[in-house]
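Chain residues, written in single-letter form:
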Amino acid sequence: MTKQKVPFLDLVTPHQQLKKELFDVLETALSTAGFIGGEALNRFERDFAAFCDVKFGVGVSSGTDALRFALMACGIGEGDSVITVPNTFIATGEAISQSGAMIEFVDIDERTYNLDPVKLRTYLQTQCEFDALSGHLRSKRTGGRVGAVVPVHLYGQMADMDAILELAEQYHLIVVEDACQAHGAEYFSQKEQRWRKAGSMGKAAAFSFYPGKNLGACGEAGAATTNDPQVAKMMQHLRDHGQAQKYYHDVEGYNGRLDTIQAGFLSAKLPHLAQWNEQRRSRAQRYNQLLSVMANSVSTPFEPPCSKAVYHLYVIRTQNRDRLRDCLNEKGIGTGIHYPVPLHLQKAYASLGYRKGDFPIAEAVSEEIVSLPMFPQLTLDQQEMVVAELQLFIRAAETAACVRA
Ligand SMILES: *Cc1c(COP(=O)(O)O)cnc(C)c1O
(Lines give C-alpha, C1' and ligand atoms only; values in the text may rest on other atoms or scores of the structure.)
Protein backbone atom coordinates (compact mmCIF):
# COMPACT_ATOMS: atom_id res chain seq x y z
CA MET A 1 0.00 0.00 0.00
CA THR A 2 1.26 3.49 -0.77
CA LYS A 3 1.79 5.87 2.10
CA GLN A 4 -1.32 7.86 2.93
CA LYS A 5 -1.19 11.60 2.35
CA VAL A 6 -3.23 12.22 5.46
CA PRO A 7 -3.28 9.28 7.84
CA PHE A 8 -6.26 8.85 10.13
CA LEU A 9 -3.85 8.81 13.08
CA ASP A 10 -0.08 9.26 13.50
CA LEU A 11 1.26 7.24 16.42
CA VAL A 12 4.88 7.22 15.25
CA THR A 13 5.77 10.91 15.60
CA PRO A 14 4.95 11.37 19.32
CA HIS A 15 6.94 8.23 20.19
CA GLN A 16 9.92 9.42 18.17
CA GLN A 17 9.76 12.75 19.98
CA LEU A 18 9.75 11.07 23.40
CA LYS A 19 12.21 8.32 22.51
CA LYS A 20 14.75 9.21 25.17
CA GLU A 21 12.22 9.31 28.04
CA LEU A 22 10.63 6.06 26.88
CA PHE A 23 13.97 4.26 26.58
CA ASP A 24 14.88 5.48 30.09
CA VAL A 25 11.77 3.72 31.39
CA LEU A 26 12.87 0.45 29.76
CA GLU A 27 16.43 0.88 31.01
CA THR A 28 15.23 1.30 34.62
CA ALA A 29 12.86 -1.65 34.37
CA LEU A 30 15.48 -3.96 32.86
CA SER A 31 18.24 -2.97 35.26
CA THR A 32 16.02 -3.40 38.35
CA ALA A 33 13.69 -6.16 37.04
CA GLY A 34 10.87 -4.04 38.41
CA PHE A 35 8.05 -5.25 36.18
CA ILE A 36 5.03 -5.43 38.48
CA GLY A 37 3.89 -2.80 40.99
CA GLY A 38 6.46 -0.54 42.63
CA GLU A 39 7.06 3.20 42.81
CA ALA A 40 6.63 3.86 39.07
CA LEU A 41 3.09 2.46 39.23
CA ASN A 42 2.24 4.42 42.40
CA ARG A 43 3.58 7.59 40.84
CA PHE A 44 1.53 7.24 37.67
CA GLU A 45 -1.62 6.48 39.67
CA ARG A 46 -1.08 9.57 41.85
CA ASP A 47 -0.33 11.84 38.90
CA PHE A 48 -3.22 10.59 36.78
CA ALA A 49 -5.65 10.97 39.71
CA ALA A 50 -4.40 14.55 40.17
CA PHE A 51 -4.87 15.20 36.44
CA CYS A 52 -8.49 14.00 36.73
CA ASP A 53 -9.16 15.92 39.97
CA VAL A 54 -9.94 12.76 41.91
CA LYS A 55 -8.54 11.19 45.06
CA PHE A 56 -7.74 7.71 43.69
CA GLY A 57 -6.47 6.27 40.44
CA VAL A 58 -6.13 2.50 40.07
CA GLY A 59 -3.99 1.27 37.19
CA VAL A 60 -5.39 -1.77 35.38
CA SER A 61 -4.66 -3.69 32.21
CA SER A 62 -7.27 -2.07 29.93
CA GLY A 63 -10.21 0.31 29.75
CA THR A 64 -12.53 -2.68 29.60
CA ASP A 65 -11.15 -4.02 32.90
CA ALA A 66 -11.35 -0.53 34.40
CA LEU A 67 -15.07 -0.32 33.62
CA ARG A 68 -15.80 -3.88 34.77
CA PHE A 69 -13.89 -3.42 38.05
CA ALA A 70 -15.50 0.00 38.62
CA LEU A 71 -19.00 -1.46 38.23
CA MET A 72 -18.23 -4.46 40.44
CA ALA A 73 -16.54 -2.33 43.11
CA CYS A 74 -19.68 -0.17 43.20
CA GLY A 75 -21.69 -3.28 44.01
CA ILE A 76 -23.10 -4.03 40.55
CA GLY A 77 -23.49 -7.72 39.68
CA GLU A 78 -25.85 -10.63 39.07
CA GLY A 79 -29.50 -9.59 38.94
CA ASP A 80 -28.77 -5.92 38.21
CA SER A 81 -29.57 -3.98 35.08
CA VAL A 82 -27.23 -1.21 33.90
CA ILE A 83 -28.23 1.56 31.51
CA THR A 84 -25.97 2.76 28.71
CA VAL A 85 -26.13 4.00 25.11
CA PRO A 86 -26.20 1.86 21.97
CA ASN A 87 -23.62 3.96 20.07
CA THR A 88 -20.44 3.00 21.85
CA PHE A 89 -17.55 0.60 21.52
CA ILE A 90 -18.62 -2.90 22.51
CA ALA A 91 -16.31 -2.81 25.56
CA THR A 92 -18.95 -0.72 27.38
CA GLY A 93 -21.43 -3.56 26.91
CA GLU A 94 -18.89 -6.27 27.70
CA ALA A 95 -17.95 -4.66 31.00
CA ILE A 96 -21.62 -4.49 32.02
CA SER A 97 -22.49 -8.10 31.13
CA GLN A 98 -19.21 -9.47 32.44
CA SER A 99 -19.87 -7.83 35.79
CA GLY A 100 -22.92 -10.10 35.85
CA ALA A 101 -25.45 -7.37 35.04
CA MET A 102 -27.86 -6.99 32.13
CA ILE A 103 -27.59 -4.18 29.58
CA GLU A 104 -30.41 -1.67 29.08
CA PHE A 105 -30.08 0.87 26.29
CA VAL A 106 -31.38 4.43 26.16
CA ASP A 107 -31.11 6.50 22.97
CA ILE A 108 -28.83 9.49 22.42
CA ASP A 109 -29.17 13.21 21.77
CA GLU A 110 -28.99 13.91 18.06
CA ARG A 111 -26.64 16.86 18.41
CA THR A 112 -24.13 15.67 21.01
CA TYR A 113 -24.31 11.91 20.22
CA ASN A 114 -24.31 11.36 24.00
CA LEU A 115 -26.92 9.89 26.36
CA ASP A 116 -30.08 12.00 26.17
CA PRO A 117 -31.21 12.86 29.74
CA VAL A 118 -34.78 13.46 28.54
CA LYS A 119 -34.95 9.94 27.11
CA LEU A 120 -33.31 8.63 30.28
CA ARG A 121 -36.06 10.24 32.35
CA THR A 122 -38.76 8.81 30.09
CA TYR A 123 -37.15 5.37 30.32
CA LEU A 124 -37.04 5.53 34.12
CA GLN A 125 -40.63 6.74 34.31
CA THR A 126 -42.20 4.36 31.78
CA GLN A 127 -39.93 1.32 31.39
CA CYS A 128 -39.19 0.81 35.08
CA GLU A 129 -41.32 0.25 38.14
CA PHE A 130 -40.69 0.76 41.78
CA ASP A 131 -40.86 -2.54 43.64
CA ALA A 132 -42.27 -1.67 47.05
CA LEU A 133 -41.32 -5.05 48.54
CA SER A 134 -37.57 -4.76 47.87
CA GLY A 135 -37.49 -0.99 47.64
CA HIS A 136 -35.74 -1.30 44.28
CA LEU A 137 -36.36 0.14 40.86
CA ARG A 138 -37.01 -2.75 38.43
CA SER A 139 -36.70 -2.87 34.68
CA LYS A 140 -39.98 -4.09 33.19
CA ARG A 141 -38.00 -5.60 30.32
CA THR A 142 -35.43 -7.64 32.24
CA GLY A 143 -36.97 -7.80 35.70
CA GLY A 144 -33.54 -6.77 37.00
CA ARG A 145 -32.84 -4.15 39.65
CA VAL A 146 -31.78 -1.03 37.79
CA GLY A 147 -28.58 -0.31 39.68
CA ALA A 148 -26.42 1.96 37.56
CA VAL A 149 -26.09 4.16 34.52
CA VAL A 150 -22.94 4.36 32.39
CA PRO A 151 -22.76 7.62 30.42
CA VAL A 152 -20.10 7.40 27.69
CA HIS A 153 -18.22 10.63 26.99
CA LEU A 154 -18.13 9.76 23.31
CA TYR A 155 -15.47 11.17 20.98
CA GLY A 156 -14.05 13.11 23.96
CA GLN A 157 -17.15 15.16 24.70
CA MET A 158 -18.79 15.07 28.13
CA ALA A 159 -22.29 13.67 28.48
CA ASP A 160 -24.77 16.04 30.15
CA MET A 161 -23.70 15.12 33.66
CA ASP A 162 -25.77 17.58 35.74
CA ALA A 163 -29.01 16.15 34.34
CA ILE A 164 -27.79 12.56 34.52
CA LEU A 165 -26.55 12.92 38.12
CA GLU A 166 -29.82 14.50 39.17
CA LEU A 167 -31.87 11.62 37.73
CA ALA A 168 -29.44 9.12 39.25
CA GLU A 169 -29.92 10.69 42.66
CA GLN A 170 -33.69 10.72 42.29
CA TYR A 171 -33.80 7.05 41.27
CA HIS A 172 -30.90 5.83 43.47
CA LEU A 173 -28.68 4.84 40.58
CA ILE A 174 -24.91 4.64 40.70
CA VAL A 175 -23.15 6.59 37.94
CA VAL A 176 -20.02 5.07 36.43
CA GLU A 177 -18.48 7.18 33.67
CA ASP A 178 -17.01 5.55 30.57
CA ALA A 179 -14.29 8.16 30.08
CA CYS A 180 -12.21 5.91 27.81
CA GLN A 181 -12.25 8.58 25.06
CA ALA A 182 -12.26 11.63 27.30
CA HIS A 183 -8.97 12.08 29.22
CA GLY A 184 -9.00 15.71 30.32
CA ALA A 185 -12.43 16.67 28.93
CA GLU A 186 -14.33 19.16 31.10
CA TYR A 187 -17.93 19.89 31.97
CA PHE A 188 -19.29 23.08 33.48
CA SER A 189 -21.61 22.04 36.29
CA GLN A 190 -24.37 24.64 36.67
CA LYS A 191 -25.23 23.04 39.97
CA GLU A 192 -21.73 23.50 41.39
CA GLN A 193 -20.83 26.55 39.31
CA ARG A 194 -17.45 25.10 38.34
CA TRP A 195 -15.68 23.15 35.62
CA ARG A 196 -15.27 19.47 36.41
CA LYS A 197 -13.05 16.87 34.82
CA ALA A 198 -14.15 13.70 33.05
CA GLY A 199 -13.88 10.81 35.45
CA SER A 200 -14.46 12.93 38.56
CA MET A 201 -18.23 13.23 38.51
CA GLY A 202 -19.56 9.68 38.91
CA LYS A 203 -19.06 7.22 41.75
CA ALA A 204 -16.25 5.80 39.63
CA ALA A 205 -14.94 6.08 36.07
CA ALA A 206 -12.98 4.12 33.50
CA PHE A 207 -10.14 5.29 31.25
CA SER A 208 -8.41 3.38 28.45
CA PHE A 209 -4.77 3.88 27.50
CA TYR A 210 -5.05 1.84 24.31
CA PRO A 211 -2.31 3.28 22.03
CA GLY A 212 -4.67 5.40 19.92
CA LYS A 213 -6.45 7.10 22.84
CA ASN A 214 -5.60 10.70 23.81
CA LEU A 215 -3.22 9.26 26.42
CA GLY A 216 -1.98 5.95 25.08
CA ALA A 217 0.40 3.34 26.43
CA CYS A 218 2.86 1.39 24.25
CA GLY A 219 0.60 -1.63 24.62
CA GLU A 220 -2.53 -2.35 26.66
CA ALA A 221 -3.39 -0.30 29.75
CA GLY A 222 -6.23 1.44 31.58
CA ALA A 223 -7.18 3.10 34.86
CA ALA A 224 -10.22 3.44 37.08
CA THR A 225 -10.80 6.57 39.14
CA THR A 226 -12.92 7.35 42.20
CA ASN A 227 -13.15 9.63 45.22
CA ASP A 228 -14.44 6.82 47.41
CA PRO A 229 -11.72 5.01 49.40
CA GLN A 230 -13.80 1.81 49.71
CA VAL A 231 -14.40 1.66 45.96
CA ALA A 232 -10.70 2.33 45.30
CA LYS A 233 -9.71 -0.48 47.65
CA MET A 234 -12.12 -2.91 46.03
CA MET A 235 -10.84 -2.03 42.55
CA GLN A 236 -7.28 -2.67 43.79
CA HIS A 237 -8.36 -6.08 45.05
CA LEU A 238 -10.24 -7.00 41.90
CA ARG A 239 -7.29 -6.25 39.60
CA ASP A 240 -4.98 -8.42 41.69
CA HIS A 241 -6.77 -11.75 42.26
CA GLY A 242 -8.81 -10.36 45.13
CA GLN A 243 -5.80 -10.19 47.42
CA ALA A 244 -4.98 -7.43 49.85
CA GLN A 245 -1.98 -9.37 51.06
CA LYS A 246 -0.10 -11.91 48.98
CA TYR A 247 -1.95 -15.26 48.89
CA TYR A 248 -4.77 -14.07 51.18
CA HIS A 249 -7.84 -13.66 48.97
CA ASP A 250 -10.85 -11.78 50.35
CA VAL A 251 -12.77 -12.18 47.11
CA GLU A 252 -12.13 -13.93 43.82
CA GLY A 253 -10.60 -11.34 41.53
CA TYR A 254 -8.87 -11.13 38.19
CA ASN A 255 -5.44 -10.77 36.65
CA GLY A 256 -5.95 -7.16 35.59
CA ARG A 257 -2.92 -5.19 36.75
CA LEU A 258 -1.18 -2.32 34.97
CA ASP A 259 2.45 -3.37 34.52
CA THR A 260 5.32 -1.15 35.65
CA ILE A 261 6.80 -0.52 32.20
CA GLN A 262 3.47 0.72 30.81
CA ALA A 263 2.98 2.88 33.93
CA GLY A 264 6.43 4.36 33.28
CA PHE A 265 5.63 5.05 29.61
CA LEU A 266 2.37 6.69 30.66
CA SER A 267 4.17 8.88 33.22
CA ALA A 268 6.55 10.03 30.47
CA LYS A 269 3.58 11.02 28.30
CA LEU A 270 1.19 12.44 30.90
CA PRO A 271 2.93 15.86 31.16
CA HIS A 272 2.19 16.36 27.43
CA LEU A 273 -1.48 15.38 27.56
CA ALA A 274 -2.90 18.85 28.28
CA GLN A 275 -1.01 20.33 25.33
CA TRP A 276 -1.96 17.45 23.01
CA ASN A 277 -5.61 18.01 23.97
CA GLU A 278 -5.26 21.73 23.21
CA GLN A 279 -3.79 20.87 19.82
CA ARG A 280 -6.72 18.56 19.14
CA ARG A 281 -9.13 21.35 20.12
CA SER A 282 -7.46 23.86 17.82
CA ARG A 283 -7.48 21.37 14.93
CA ALA A 284 -11.19 20.78 15.56
CA GLN A 285 -11.80 24.54 15.38
CA ARG A 286 -9.89 24.70 12.11
CA TYR A 287 -12.00 21.90 10.64
CA ASN A 288 -15.13 23.75 11.83
CA GLN A 289 -14.01 26.89 10.01
CA LEU A 290 -12.94 25.12 6.84
CA LEU A 291 -16.15 23.09 6.73
CA SER A 292 -18.47 26.02 7.42
CA VAL A 293 -18.87 26.64 3.67
CA MET A 294 -20.49 23.20 3.43
CA ALA A 295 -22.87 23.71 6.32
CA ASN A 296 -25.83 22.51 4.22
CA SER A 297 -24.28 19.14 3.52
CA VAL A 298 -21.94 18.47 6.45
CA SER A 299 -22.76 18.68 10.16
CA THR A 300 -19.70 19.43 12.25
CA PRO A 301 -19.48 18.37 15.92
CA PHE A 302 -21.75 20.29 18.27
CA GLU A 303 -19.95 21.40 21.42
CA PRO A 304 -22.38 22.85 23.96
CA PRO A 305 -21.12 25.76 26.10
CA CYS A 306 -21.03 23.47 29.16
CA SER A 307 -18.49 21.16 27.48
CA LYS A 308 -14.79 21.38 26.74
CA ALA A 309 -14.29 18.40 24.44
CA VAL A 310 -10.88 16.81 23.85
CA TYR A 311 -11.68 15.49 20.36
CA HIS A 312 -10.47 11.93 20.63
CA LEU A 313 -12.33 11.79 17.32
CA TYR A 314 -13.56 14.50 14.97
CA VAL A 315 -16.84 13.16 13.61
CA ILE A 316 -18.94 14.75 10.88
CA ARG A 317 -22.36 13.69 9.68
CA THR A 318 -23.24 13.63 5.98
CA GLN A 319 -25.17 11.74 3.34
CA ASN A 320 -23.53 9.23 0.99
CA ARG A 321 -21.12 8.43 3.78
CA ASP A 322 -19.84 5.15 2.35
CA ARG A 323 -19.12 6.61 -1.09
CA LEU A 324 -17.43 9.59 0.55
CA ARG A 325 -15.17 7.26 2.52
CA ASP A 326 -14.20 5.31 -0.60
CA CYS A 327 -13.46 8.55 -2.39
CA LEU A 328 -11.29 9.94 0.43
CA ASN A 329 -9.53 6.60 0.73
CA GLU A 330 -8.64 6.69 -2.98
CA LYS A 331 -7.12 10.13 -2.45
CA GLY A 332 -4.95 8.83 0.40
CA ILE A 333 -7.01 10.22 3.27
CA GLY A 334 -7.68 7.93 6.22
CA THR A 335 -11.11 7.90 7.85
CA GLY A 336 -13.04 5.74 10.31
CA ILE A 337 -16.60 5.02 11.43
CA HIS A 338 -17.31 5.09 15.14
CA TYR A 339 -19.41 3.00 15.08
CA PRO A 340 -21.08 1.41 12.04
CA VAL A 341 -23.48 -0.88 13.95
CA PRO A 342 -25.12 0.20 17.23
CA LEU A 343 -24.69 -2.37 19.99
CA HIS A 344 -28.37 -3.36 20.12
CA LEU A 345 -28.14 -4.53 16.48
CA GLN A 346 -24.88 -6.47 16.91
CA LYS A 347 -25.05 -10.26 16.56
CA ALA A 348 -23.36 -10.62 19.93
CA TYR A 349 -26.37 -8.94 21.57
CA ALA A 350 -29.16 -10.61 19.58
CA SER A 351 -30.18 -12.42 22.77
CA LEU A 352 -31.04 -9.09 24.44
CA GLY A 353 -34.10 -9.01 22.18
CA TYR A 354 -33.79 -5.49 20.77
CA ARG A 355 -34.92 -4.73 17.22
CA LYS A 356 -34.15 -2.27 14.46
CA GLY A 357 -36.15 0.86 15.18
CA ASP A 358 -35.76 0.67 18.97
CA PHE A 359 -33.19 3.51 19.07
CA PRO A 360 -33.88 5.60 15.98
CA ILE A 361 -31.36 8.37 16.65
CA ALA A 362 -28.42 6.05 17.28
CA GLU A 363 -29.42 4.04 14.20
CA ALA A 364 -29.75 7.05 11.88
CA VAL A 365 -26.50 8.57 13.11
CA SER A 366 -24.57 5.31 12.63
CA GLU A 367 -25.31 5.43 8.89
CA GLU A 368 -24.15 9.00 8.35
CA ILE A 369 -21.12 9.56 10.57
CA VAL A 370 -17.53 9.56 9.46
CA SER A 371 -14.45 10.32 11.54
CA LEU A 372 -11.86 12.55 9.82
CA PRO A 373 -8.12 12.45 10.52
CA MET A 374 -7.51 13.84 14.04
CA PHE A 375 -4.31 13.86 16.06
CA PRO A 376 -2.22 16.57 17.74
CA GLN A 377 0.39 16.77 14.96
CA LEU A 378 -2.14 17.13 12.11
CA THR A 379 -0.98 20.09 9.96
CA LEU A 380 -3.03 22.89 8.42
CA ASP A 381 -1.96 21.66 4.95
CA GLN A 382 -3.29 18.22 5.73
CA GLN A 383 -6.58 19.60 7.01
CA GLU A 384 -6.98 21.76 3.92
CA MET A 385 -6.34 18.71 1.74
CA VAL A 386 -9.03 16.73 3.59
CA VAL A 387 -11.57 19.52 3.28
CA ALA A 388 -10.76 20.19 -0.39
CA GLU A 389 -11.39 16.53 -1.28
CA LEU A 390 -14.56 16.55 0.79
CA GLN A 391 -15.80 19.63 -1.03
CA LEU A 392 -15.05 18.10 -4.45
CA PHE A 393 -17.06 15.03 -3.45
CA ILE A 394 -20.00 17.06 -2.21
CA ARG A 395 -20.08 19.32 -5.26
CA ALA A 396 -20.04 16.26 -7.53
CA ALA A 397 -22.83 14.66 -5.51
CA GLU A 398 -24.90 17.86 -5.72
CA THR A 399 -24.31 18.23 -9.47
CA ALA A 400 -25.25 14.60 -10.02
CA ALA A 401 -28.45 15.19 -8.06
CA CYS A 402 -29.21 18.25 -10.26
CA VAL A 403 -28.61 16.31 -13.46
CA ARG A 404 -30.93 13.56 -12.27
CA ALA A 405 -33.64 15.99 -11.19
C1 LIG B 1 -11.40 2.19 24.06
C2 LIG B 1 -12.71 2.13 24.73
C3 LIG B 1 -13.01 1.19 25.73
C4 LIG B 1 -12.13 0.03 26.08
O5 LIG B 1 -10.81 0.29 26.33
P6 LIG B 1 -9.71 -0.85 26.12
O7 LIG B 1 -8.50 -0.28 26.76
O8 LIG B 1 -9.56 -1.07 24.65
O9 LIG B 1 -10.18 -2.08 26.82
C10 LIG B 1 -14.23 1.30 26.38
N11 LIG B 1 -15.13 2.24 26.05
C12 LIG B 1 -14.89 3.13 25.08
C13 LIG B 1 -15.93 4.17 24.78
C14 LIG B 1 -13.70 3.11 24.37
O15 LIG B 1 -13.47 3.99 23.39
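One structure accompanies this document, and this report is about it. (Residues numbered from 1 in each chain as written. Predicted model: local features only at pLDDT ≥ 70, side-chain atom pairs only at ≥ 80, totals over all residues. Heavy atoms only, no water.)

**Remarks on the overall build of the chain**
When its secondary structure is counted, the chain shows twelve helices and 17 strands. Relative to its length of 405 residues, the chain is compact, with a C-alpha radius of gyration of 22 Å against a globular reference of 22 Å. If you line up the chain on its principal axes, its C-alpha atoms span 75 × 60 × 45 Å. Here the chain holds 405 residues, and the buried ones make up 54% of them. (Helix = DSSP H or I, 4+ residues; strand = E, 2+ residues; numbered from the N terminus. Rg over C-alpha atoms; globule rule 2.2 N^0.38 Å. Buried < 20%, exposed > 50% of the residue type's maximum accessible area, 1.4 Å probe, protein only.)

**Considerations on the packing of aromatic side chains**
Scanning the entire structure with this criterion turns up 14 aromatic pairs. Plain terms: the ring middles of phenylalanine 188 and tryptophan 195 are 5.5 Å apart, the flat faces sit at 65° to each other, and that makes the pair edge-to-face. One aromatic cluster is present, formed by Phe44, Phe48, Phe51, Phe207 and Phe209 through successive ring pairs. Lying over the aromatic face of phenylalanine 302, arginine 111 brings its terminal NZ or CZ to 3.8 Å of the ring centre. Over the aromatic face of tryptophan 195 sits the side chain of lysine 308, whose NZ or CZ is 4.9 Å from the ring centroid. (Phe/Tyr/Trp six-rings, centres within 6.5 Å; stacked < 30°, edge-to-face > 60°. Lys NZ or Arg CZ within 6 Å of the ring centre and 35° of its normal.)

**Quick notes on the sheet that holds strand S16 (residues 314–318)**
What holds strands together in a sheet is hydrogen bonding between their backbones, with the strands either parallel or antiparallel. If you walk across this open sheet you meet the three strands as S14-S16-S17, and the pairing is antiparallel. The two strands at the open ends of the sheet, each matched to only one other strand, are strand S14 (298–299) and strand S17 (369–372). On top of the sheet, helix H9 (residues 260–291) reaches S16 and S17; it is set at about 25° to S16, its chief contact. In the packing of helix H10 (residues 321–330) onto the sheet, contacts are made with S16 and S17, and the angle to S17 comes to roughly 25°. (Pairing = 2+ DSSP bridges. Contact = heavy atoms within 4.5 Å. Axes fitted to C-alpha atoms, helices over the stretch in contact; angles between N-to-C directions.)

**Things to note about the site of the ligand**
The environment of the ligand is made up of 13 residues, and the closest members are Gly63, Thr64, Gln181, Ser208 and Lys213. Glycine 63 is positioned with one of its backbone polar atoms (N or O) 2.7 Å from an oxygen atom of the ligand. Take threonine 64: an N or O atom from its side chain is 2.4 Å from an oxygen atom of the ligand. The protein chains hide 93% of the 380 Å² of surface that the ligand would expose on its own. (Near = heavy atom within 4 Å. Polar contact = N/O pair within 3.5 Å; in protein donor to acceptor, adjacent residues only side chain to side chain. Areas by Shrake-Rupley, 256 points an atom, 1.4 Å probe, with all protein chains shown as cover.)

**Description of the layout of surface pockets**
Taken as a whole, the largest pocket encloses approximately 470 Å³ of empty space. Lining the largest pocket are 26 residues, with Phe89, Gln181, Tyr210, Lys213 and Tyr339 sitting closest to its centre. Listing elements by their share of the lining of the largest pocket, those giving two or more residues are helix H4 (63–73) and helix H5 (90–98). Top element by residues in the lining of the largest pocket is H4. It accounts for three residues. Residue classes in the lining of the largest pocket are distributed as twelve nonpolar, ten polar and four charged. (1 Å grid on protein atoms, 1.4 Å probe; cavity = no way out; pocket = protein on both sides within 12 Å on 5 of 7 lines; lining within 4 Å. Points joined across faces, edges and corners; volume = space filled by probe spheres on them. Nonpolar A, V, L, I, M, F, W, Y, C, P; charged D, E, K, R; others polar.)

**Things to note about a nonpolar patch on the surface**
A surface patch of nonpolar side chains, amounting to about 320 Å² of accessible area, comprises Leu30, Phe35 and Ile36. Following the sequence through the fold, leucine 30 ends up in helix H2 (residues 19–32). (Patch = residues over 30% accessible without salt bridge, like charges linked within 9 Å, V, L, I, M, F, W, Y side chains within 5 Å. Salt bridge = Lys/Arg side-chain N within 4 Å of Asp/Glu carboxyl O.)

**Digging into the nonpolar core**
In this structure, Phe44, Phe48, Leu71, Ile83, Leu124, Leu173 and Phe209 are the most contacted members of the largest nonpolar core, which totals 89 residues. When residues in this core are grouped by element, the largest group, six residues, is from H4. Among all residues touching isoleucine 83, those that are not within four sequence positions of it are Glu104, Val106, Leu120, Tyr123, Leu124, Val146, Ala148, Val149, Val150 and Leu173. One finds Ala309, Leu372, Val387 and Phe393 within the second-largest nonpolar core, a separate group that totals 24 residues. (Core = buried A, V, L, I, M, F, W, Y, C linked by side-chain atoms within 4.5 Å.)

**So, the sheet that holds strand S9 (residues 194–197)**
Taken together, the three strands give an open sheet; going across it, the order is S9-S8-S15, and neighbouring strands pair in antiparallel fashion. A single partner strand is all that each edge strand has here, and the edge strands are S9 and strand S15 (307–308). Sheet topology note: the strand S8 (residues 186–189)/S9 ladder contains four bridges and is antiparallel. When the bridges of S9 are listed, glutamate 186 appears paired with lysine 197.

**Thoughts on the packing of helix H3 (residues 39–51) against H9**
In contact at an axis separation of 8 Å, H3 and H9 are set at 25° when each is read in the N-to-C sense. When the axes of H3 and H9 are compared, the pair comes out roughly parallel. Of the two elements, H3 crosses H9, and the hand of that crossing is left-handed. From H3, Ala40, Leu41, Arg43, Phe44, Asp47, Phe48 and Phe51 reach across to H9, where they touch Thr260, Ala263, Leu266, Ser267, Leu270, Leu273 and Asn277. A breakdown of the residues in the contact of H3 with H9 according to their chemical character gives nine nonpolar, three polar and two charged. (Parallel < 35°, antiparallel > 145°, perpendicular 65-115°, else oblique. Left-handed = near helix turned anticlockwise from the far one by under 90°.)

**Focus: empty space enclosed by the protein**
In the structure shown here, the tally under the stated rule is two cavities of 30 Å³ or more. Looking at the largest cavity, it is lined by 16 residues, and the ones nearest its centre are Leu11, Pro14, Lys213, Asn214 and Arg280. Of all the secondary structure elements, the ones that give two or more residues to the lining of the largest cavity are helix H1 (12–17) and H9. It is H9 that provides the largest number of residues to the lining of the largest cavity, a total of three residues. Residue composition of the lining of the largest cavity, grouped by class: seven nonpolar, five polar and four charged. If you add up the space inside the second largest cavity, you get close to 110 Å³. The wall of the second largest cavity is formed by 13 residues, among which Tyr155, Gln157, Pro301, Phe302 and Tyr311 lie closest to the centre.

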